[in-house]
Amino acid sequence: MVSQDIPEKVLRYEKFVNETLKEDLRKVLDQRDEVYSDLSELLQLKNVIERLQESQEKPSLKTKVDLGCNFYVQAKVNDASMIFVSIGFGFFVEFTLTEALRFIGKKTDHLTRISDSLTHDASRIKAHIKLVLEVSRIL
């Protein structure tokens, strides 16, 4: 009777791995990818700000602006000493270049902690998957 229950238990373990653990892992990895994308954008902005600060004269900037539906126009900003930075939830704050760099540093530290936590969660889920697969292999 015990040997008849084993294939059923193995199927339940495999179902748990495929439907629960792998889905949880996918969600965590997707969240981590979003955080990495945000980090990348912040680092690009930091590089632009640093280049603006290096210029000796009043900072100016030539850029492309998306008007919507991927329709871009070229724009020239005569005074780029103040910039708007997205702080989340659709809100923007006007910063000086120095203030923006300070904000970017804090935001980068925060996102790095989040990405580290998500990487830890992904590792934990992978360990659970290996454990459950090993148990089902033993049965």
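One can find the structure itself at the top, above this paragraph.
I will try to describe carefully the structure that is included in this document. (Residues numbered from 1 in each chain as written. Predicted model: local features only at pLDDT ≥ 70, side-chain atom pairs only at ≥ 80, totals over all residues. Heavy atoms only, no water.)

**Description of the overall build of the protein**
Each helix and strand in the protein was counted, giving 2 helices and 4 strands. With the principal axes as the frame, the protein shows a C-alpha extent of 85 × 30 × 20 Å. Expressed as a percentage of contacts within the protein between residues at least 6 apart in sequence, the contacts between residues at least 24 apart total 52%. Total accessible area on the protein stands at roughly 10500 Å², and carbon and sulfur atoms take up 55% of it. (Helix = DSSP H or I, 4+ residues; strand = E, 2+ residues; numbered from the N terminus. Contact = heavy atoms within 4.5 Å. Areas by Shrake-Rupley, 256 points an atom, 1.4 Å probe, with all protein chains shown as cover.)

**Things to note about a nonpolar patch on the surface**
A cluster of nonpolar side chains, contributed by Val 65, Leu 67, Phe 71 and Val 73, occupies part of the molecular surface with about 340 Å² of accessible area. For Val 73, the position within the fold is in strand β2 (residues 72-77). The exposure class of Val 73 is partly exposed, given its relative accessible area of 30%. (Patch = residues over 30% accessible without salt bridge, like charges linked within 9 Å, V, L, I, M, F, W, Y side chains within 5 Å. Salt bridge = Lys/Arg side-chain N within 4 Å of Asp/Glu carboxyl O. Buried < 20%, exposed > 50% of the residue type's maximum accessible area, 1.4 Å probe, protein only.)

**What to know about the environment of Ile 83**
By secondary structure assignment, the location of Ile 83 is in strand β3 (residues 82-88). Judged by relative accessible area, Ile 83 falls into the buried class, the value being 16%. With 10 residues separating them along the chain, Ile 83 and Val 93 place their C-alpha atoms 8.1 Å apart. Dropping the residues within four chain positions of it, Ile 83 is found in contact with Leu 45, Ile 49, Val 93, Glu 94, Phe 95, Leu 97 and Ala 100.

**Focus on the pattern of salt bridges**
Any two side chains of opposite charge can pair, given that their charged atoms come close. Scanning the model with the defined rule gives 4 salt bridges in all. Notably, a salt bridge pairs Arg 26 with Glu 23, separated by 2.4 Å at the nearest N-O pair. Separated by 3 residues within a single helix, Arg 26 and Glu 23 lie in helix α1 (residues 2-54), roughly one turn from each other. When the shortest N-O distance is used, the salt bridge between Asp 121 and Arg 124 registers 3.1 Å. Taken together, the residues span about one helical turn, with Asp 121 and Arg 124 both in helix α2 (residues 97-138) at a distance of 3 residues. Among the charged side chains, a salt-bridge network with shared partners connects Glu 23, Arg 26 and Asp 30.

**Re the pairing of β3**
Two elements, β3 and strand β4 (residues 91-96), share 6 bridges in a ladder whose sense is antiparallel. Looking at the pairing, Phe 84 lines up with Glu 94 of β4. Taking the residues that link successive antiparallel strands as the turn, the β3-β4 hairpin has 2 residues, and the phi of Phe 89 there is positive, at about 60 degrees. (Pairing = 2+ DSSP bridges.)

**Here's the deal with the nonpolar core**
In terms of nonpolar packing, the biggest core is built from 23 residues, with Ile 49, Ile 83, Val 85, Ala 100 and Ile 129 touching the most fellow members. With 10 residues, the top contributor of residues to this core is α2. Those residues in contact with Val 85, other than ones at most four positions away along the chain, are Leu 45, Phe 91, Phe 92, Val 93, Phe 95, Ala 100 and Phe 103. (Core = buried A, V, L, I, M, F, W, Y, C linked by side-chain atoms within 4.5 Å.)

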